[in-house]
Amino acid sequence: MTYQTITYELKEHVAWLTLNRPKSFNAINLELAQDFTGALRQAEQDDNVRVLVVTGSEKAFCAGGDLSWLMASDDNLKKRQILDNAATVITMLDRLSKPVIAAVNGAVAGAGTAVAMACDMVLAAENAKFAPNFVNIAAVPDSGASWFLPRYTGYHKAAELMLTGRMLDAGECCELGIFNRVVAAEDLHRETLKLARKLAAGPQRAIRYIKQMLKLSAQNTLAAQLEAEASMQLMAWSDDDFPEGVNAFLQKRKPNFK
């Protein structure tokens, strides 16, 4: 497939989805939202894709929603369509069965913060900035930002950030658990690729089961989670990768997962 506002490249089972509207700091407009969902659908359906990386072109990761798109929407139906398009992107990103790594290469603001937080892991360049700054333009959080942020930081810190619109640097995001790791800007691609390759070489069904378990844990009781674990463990034990993993462990060698 060809896309107008993103680039999509598959190498060694790792798909790289790059938001590519650099003049607008990769802000989300209608075309980008549609390209984004198309690429997510492509990554989900392609068995050659084992890991997805989401990043931005040039100086920014994603500046959030494109305000010119919003200001050109002259009634609430058109404005609601903007929100629905953003919600579709975030929902598909959150539900992708394969691991998703955000490589935050620069500023991330507004709805862009939700894009980063919807990924499974976030690696960030040391010059990255994180701004859940909806309130600064008299707006409220959207695209799931108010759902994700308290789950990373706790209620009080999320309230502080969203009520003040304060920008965080990469180090503070790492301390709060929003980012997994901060690396030098020139090392971001290499470190992201290293992590992606590790995941791509792992036992694919077990990795997907683990991701599914973690998503379920946000809503399950302990009893329900124990049942989910038992069900997925039985499936994992029935997979060919399980005896290979056990034998490799006992033989003190690197496993060769399919």
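Now for a description of the structure that goes with this document. These figures come from a predicted structure and were not determined experimentally.

## Comments concerning the environment of Tyr 3
Logical step 1: With respect to the helices, strands and loops of the structure, Tyr 3 is situated in the segment before strand 1 (6-11).
Logical step 2: Its relative accessible area of 13% is what places Tyr 3 among the buried residues.
Logical step 3: In the structure, Tyr 3 is positioned 191 residues away from Lys 194 in sequence and 26 Å away in space, judged by C-alpha atoms.
Logical step 4: Setting aside its immediate chain neighbours within four residues, Tyr 3 contacts Tyr 8, Asp 35, Gly 38, Ala 39 and Gln 42.
Logical step 5: Looking at Tyr 3, its side chain comes within polar contact range of the main-chain oxygen of Gly 38, at 3.3 Å.

## Overview of the environment of Glu 31
Logical step 1: One can find Glu 31 in helix 1 (residues 30-45).
Logical step 2: Judged by its relative accessible area of 40%, Glu 31 falls in the partly exposed class.
Logical step 3: Along the primary structure Glu 31 and Gln 4 are separated by 27 residues, whereas in three dimensions their C-alpha atoms are 7.5 Å apart.

## What about the layout of surface pockets?
Where empty space is left becomes clear once a probe the size of a water molecule has been rolled over the atoms.
Logical step 1: Quantified by volume, the largest pocket comes out at close to 800 Å³.
Logical step 2: In terms of lining residues, the largest pocket is bounded by 29 residues, among which Asp 94, Asp 120, Lys 211, Leu 214 and Lys 215 are the most central.
Logical step 3: Elements that contribute at least two residues to the lining of the largest pocket include exactly helix 3 (76-95), helix 4 (111-118), strand 7 (121-125), helix 5 (145-153) and helix 9 (204-217).
Logical step 4: For the lining of the largest pocket, the element with the highest residue contribution is helix 9, accounting for 8 residues.
Logical step 5: Within the lining of the largest pocket, the residues separate by chemical class into 17 nonpolar, 5 polar and 7 charged.

## A closer look at the sheet that holds strand 2 (residues 14-19)
Logical step 1: Read from one edge of the open sheet, 6 strands run 1-2-3-5-7-10, paired in mixed fashion. The strands lining the two open edges of the sheet, one partner per strand, are strand 1 and strand 10 (181-183). When strand polarity is set aside, the average angle formed by the axes of neighbouring strands in this sheet is 20°.
Logical step 2: Pairing of strand 5 (residues 100-104) with strand 7 involves 4 bridges; the strand directions are parallel. Bridging across to strand 7, Val 104 finds its partner in Ala 124.
Logical step 3: Seen against the sheet, helix 8 (residues 188-200) touches strand 2, strand 3 (51-56), strand 5, strand 7 and strand 10 and runs at an angle of roughly 160° to strand 7.

## Considering the packing of aromatic side chains
Logical step 1: In the structure shown here, the tally under the stated rule is 4 aromatic pairs.
Logical step 2: Between Trp 237 and Phe 242, the ring centres sit 6.2 Å apart and the planes meet at 45°, which makes this aromatic pair tilted.
Logical step 3: The exposure class of Trp 237 is partly exposed, given its relative accessible area of 47%.
Logical step 4: Among the residues examined, Phe 242 registers a relative accessible area of 36% and is labelled partly exposed.
Logical step 5: Above the face of the Trp 147 ring, Arg 151 is positioned so that its terminal group lies 3.7 Å from the ring centre.

## Topic: the packing of helix 3 against helix 4
Logical step 1: Helix 4 packs onto helix 3 with a crossing angle of 15° between their chain directions and a minimal axis gap of 9 Å. On the basis of their axis angle, the class for helix 3 and helix 4 is roughly parallel. Relative to helix 4, the crossing made by helix 3 is right-handed. In contact with Ile 90, Leu 93 and Asp 94 of helix 3, helix 4 contributes Ala 114, Val 115 and Ala 118.
Logical step 2: Class assignment of the residues belonging to the contact of helix 3 with helix 4 gives a composition of 5 nonpolar, no polar and 1 charged.

## Focus: the pairing of strand 2
Logical step 1: Strand 2 sits mainly inside the fold: 6 of its 6 residues count as buried.
Logical step 2: Neither face of strand 2 is open: one carries Val 14, Trp 16 and Thr 18, the other Ala 15, Leu 17 and Leu 19, and all of them are buried.
Logical step 3: As paired elements, strand 1 and strand 2 share 6 bridges and run antiparallel to each other. Residue pairing across strands places Glu 9 opposite Trp 16, the latter belonging to strand 2.
Logical step 4: Linkage of strand 1 to strand 2, two consecutive antiparallel strands, is achieved through a turn of 2 residues, within which Glu 12 is found at a positive phi near 50°.
Logical step 5: Inspection of the sheet shows strand 2 paired to strand 3 by 6 bridges, in the parallel sense. Within strand 3, the residue paired with Ala 15 across the bridge is Leu 52.
Logical step 6: Crossover handedness for the path strand 2 to helix 1 to strand 3: right-handed.

The rules behind these values
- Counting restarts for each chain, with residues numbered from 1 along the sequence as it is written.
- Local features are withheld for residues below a pLDDT of 70 in this predicted model, meaning they are given only at 70 or higher, and side-chain atom pairs are given and counted only at 80 or more; totals for whole chains, interfaces and linings count all residues.
- Calculated side-chain values reflect all of the structure's heavy atoms, with hydrogen atoms and water omitted.
- By the criteria applied, helices consist of DSSP H or I runs no shorter than four residues and strands consist of E runs no shorter than two, each listed in order from the N terminus.
- For every residue, the accessible area (1.4 Å probe, protein chains only) is compared with the maximum for its type, and the residue is labelled buried under 20%, exposed over 50%, or partly exposed between those bounds.
- Here a residue-residue contact requires only that any non-hydrogen atoms of the pair lie within 4.5 Å.
- Pairs of N or O atoms are called polar contacts if they sit within 3.5 Å, as long as, within protein, a hydrogen donor faces a hydrogen acceptor (for residues adjacent in sequence, only side-chain-to-side-chain pairs).
- In the cavity and pocket records, a cavity denotes points on a 1 Å grid over the protein atoms alone where a 1.4 Å probe fits but cannot get out, a pocket denotes an open set with protein on both sides within 12 Å along at least 5 of 7 lines, and lining residues are residues with an atom within 4 Å of a point.
- Grid points are joined across faces, edges and corners, and a volume is the space filled by probe spheres set on the points.
- Residues were grouped as follows: Ala, Val, Leu, Ile, Met, Phe, Trp, Tyr, Cys and Pro as nonpolar; Asp, Glu, Lys and Arg as charged; and all remaining residues, including Gly, as polar.
- Two strands pair if DSSP finds at least two bridges between them.
- Note on definitions: angles span 0 to 180 degrees between N-to-C directions of axes, and those axes are lines fitted to C-alpha atoms, for helices only across the stretch in contact.
- Aromatic pairing here means that ring centres of Phe, Tyr or Trp (its six-membered ring) are within 6.5 Å. Orientation follows from the plane angle: under 30 degrees is stacked, over 60 is edge-to-face, and everything else is tilted.
- Whether a charge sits over a ring depends on NZ of Lys or CZ of Arg being within 6 Å of the ring centre and within 35 degrees of the ring normal.
- By the definition adopted for this analysis, an angle is roughly parallel if under 35 degrees, roughly antiparallel if over 145, roughly perpendicular if from 65 to 115, and oblique otherwise.
- By definition, any crossing whose near helix is turned counterclockwise from its far helix by less than a right angle is left-handed, and any crossing with a clockwise turn is right-handed.
- A clockwise path from the first strand over the helix to the second, with the strands pointing away from the viewer, defines a right-handed crossover.

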